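Okay, here's what each chain looks like letter by letter:
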Amino acid sequence: MDLGIKGRRAIVCASSKGLGRACAMALASEGVDVTLTARGAEALTATAHEIRKANPGVTVTEVVGDITTPAGREVVLKACPDPDILVNNAGGPPTGNFRDWTRDDWLKALDANMLTPIELIKATVDGMMARKFGRIVNITSCTVKAPIDSLGLSNGARAGLTGFIAGLARKTVINNVTINALLPGPFATDRTLGPARAEAEKLGITLEQRLVERTKTNPAGRHGKPEELGLFCAFLCGVNAGFITGQNILLDGGAYPGTL
Ligand code: NAP
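Residues numbered from 1 in each chain as written. Predicted model: local features only at pLDDT ≥ 70, side-chain atom pairs only at ≥ 80, totals over all residues. Heavy atoms only, no water.

How should I be thinking about the overall build of the chain in this particular structure?
Across its full length, the chain carries eight helices and seven strands. On C-alpha atoms alone, the chain measures out to a radius of gyration of 18 Å, which is about the 18 Å that the 2.2 N^0.38 rule sets for 260 residues. Seen through its principal axes, the chain has C-alpha atoms that stretch 55 × 40 × 40 Å. Within the span of the chain, comprising 260 residues, buried residues form 47% of the whole. The contacts of the chain with a sequence gap of at least 6 include a subset with a gap of at least 24, amounting to 73%. (Helix = DSSP H or I, 4+ residues; strand = E, 2+ residues; numbered from the N terminus. Rg over C-alpha atoms; globule rule 2.2 N^0.38 Å. Buried < 20%, exposed > 50% of the residue type's maximum accessible area, 1.4 Å probe, protein only. Contact = heavy atoms within 4.5 Å.)

Structural data, given as structure tokens:
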């Protein structure tokens, strides 16, 4: 399927690894020029190299920096001031007990998972609307629909973003600018494989055995593959997805038990 976005420009935040990387890879395979970001230069350069190798016609720009800081955002926007596509992503906040969280912990979570995407949208959405094409995809979490107690910082910050976007997404679509969120369940990325590996070691079992145990209750019986989310992201960024906006789409193997 040709998504009709060849030659478009995308900023894909937090994209040296995991879900962000998969989105960048899928967009590049559609001929989109991608600007990648991450804090660590080494993995970012390796990912940029792989994307270039797989898609020789595409321009891949690497921007090292912390996307959750004003300086980090400034340098990305300088590298790609007029994106047609914006994929918002960053690391998730730590787990814990809300009694231990300070105001500072909350501000960090809000900065990373609510205010950073809003700032990036603010900087880019008017240009998209003026050009009559824009696709914004926020990577949030399945916890937006079904909160996990220990992930309170994430639940709160991402719910704030989701509420704000619900209003804005209905204002931009008149100019062919859509804003949607992808809500991942358990995906096989460093974020989940790292702890699984540590658990396996502690239990004296293999990583594969631990992964089977971890996904026993998931209807699909497995972790999601990052490329499954990346390809869905690319579809949402396609020309024919202009009638989909303000949606929060679960990619969780059916784990959310609701009828709707
Ligand atoms: P991952 O495999 O750990 O990859 C995270 C990527 O983001 C890396 O490239 C990392 O590079 C970059 N990054 C992190 N913080 C950054 C920052 N402040 N500025 C710029 N780049 C940053 O994680 P993932 O599994 O893809 O998760 C992505 C998002 O989805 C997270 O918010 C996570 O909470 C959410 N999520 C994931 C799952 C899952 O099962 N994987 C489920 C629900 C929600 P550097 O470290 O070098 O910066």
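Hey, could you run me through a nonpolar patch on the surface in this one?
Taken together, the side chains of M1, F232 and F235 present a nonpolar region at the surface, about 330 Å² in accessible area. Mapping F232 onto the fold places it in helix 8 (residues 226–236). In this structure F232 comes out as partly exposed when scored by relative accessible area, which is 30%. (Patch = residues over 30% accessible without salt bridge, like charges linked within 9 Å, V, L, I, M, F, W, Y side chains within 5 Å. Areas by Shrake-Rupley, 256 points an atom, 1.4 Å probe, with all protein chains shown as cover. Salt bridge = Lys/Arg side-chain N within 4 Å of Asp/Glu carboxyl O.)

I tried to follow the sheet that holds strand 2 (residues 33–38) on my own but got confused; where do I start?
Strand pairing within a sheet occurs via backbone hydrogen bonds; the two strands may be parallel or antiparallel. One open sheet holds the seven strands; their spatial order is 3-2-1-4-5-6-7, and the pairing between them is parallel. Of all strands in the sheet, those with a lone pairing partner are strand 3 (60–64) and strand 7 (248–251), marking the two edges. Neighbour-to-neighbour, the strand axes of the sheet open up by a mean angle of 15°, direction not taken into account. By the bridge criterion, four bridges tie strand 6 (residues 177–184) to strand 7 in an arrangement that is parallel. For L183, the partnering residue across the bridge sits in strand 7 and is L250. Lying on the sheet, helix 1 (residues 18–29) is in contact with strand 1 (9–12), strand 2, strand 4 (85–88), strand 5 (134–139) and strand 6; it crosses strand 1 at an angle near 170°. (Pairing = 2+ DSSP bridges. Axes fitted to C-alpha atoms, helices over the stretch in contact; angles between N-to-C directions.)

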